[in-house]
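# Survey of secondary and tertiary structure
One letter stands for each residue in the lines below.
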Amino acid sequence: SFNTSDMGQCVPMHMPAPPTFPNEMADFLRSPLCQSICVLAGAGMSVSSGIPDFRSAGVGLYDTIRPELLTATELEQAIIEDDPTVALDKGMFLRNPLPMLELKRDFILGTQTKKWKATLAHRFVELLHTKLGKLTRLYTQNIDG
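Attention in this report is confined to the structure presented alongside it. Small disclaimer: the values here were computed from a predicted structure and weren't measured.

Soluble globular proteins tend to bury their nonpolar side chains together. Core analysis: the biggest nonpolar cluster contains twelve residues, these being Phe54, Leu61, Tyr62, Ile65, Leu70, Ile80, Val86, Ala87, Leu88, Met92, Met100 and Leu103. Of all the secondary structure elements, the ones that give two or more residues to this core are helix H3 (61-64) and helix H6 (98-112). Discounting residues that sit within four places of it in the chain, Leu103 has contacts with Leu61, Ile65, Leu70, Ala87 and Leu88. Of all hydrophobic cores here, the second largest spans eight residues; its members include Ile37, Val39, Val125 and Leu128.

What follows is the structure, given as structure tokens:
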């Protein structure tokens, strides 16, 4: 049965209850009721694989930047000291790519040497795409995205 809303759309009145256990979730994901999956991923997905985050107090990239060690002008260093996010800003990169490349060096080299290992969450997203073919979008703030 359907209920016609004020917006003129048909909305099913009896939607199935969302799954609550892993087996129910797996059954739902494989079922025709699930046609498209969108994943929103945050830094926690990658931090557990050893990739440092940007924002954690005391240990995050922005909190540990030492602008005086970056290949940048004194003015650029002062700006980065005031706002560390500028070091990874597109505008800064277009003017002087060296600070960003220097900050990303460990990540880039770690990628080449396979230092970073995919987590269970990474593999789950991979399966949504490769096995189920239902991954429509993956939105992430992660540098390994």
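A word on the pairing of strand S3 (residues 37-41). Burial along S3 is one-sided: the residues Ile37, Val39 and Ala41 are buried and none of Cys38 and Leu40 is. Note: S3 against strand S4 (residues 135-140), five bridges, orientation parallel. What sits directly across from Leu40, in S4, is Tyr139.

The rules we used
- Residues numbered from 1 in each chain as written.
- Predicted model: local features only at pLDDT ≥ 70, side-chain atom pairs only at ≥ 80, totals over all residues.
- Heavy atoms only, no water.
- Core = buried A, V, L, I, M, F, W, Y, C linked by side-chain atoms within 4.5 Å.
- Buried < 20%, exposed > 50% of the residue type's maximum accessible area, 1.4 Å probe, protein only.
- Helix = DSSP H or I, 4+ residues; strand = E, 2+ residues; numbered from the N terminus.
- Contact = heavy atoms within 4.5 Å.
- Pairing = 2+ DSSP bridges.

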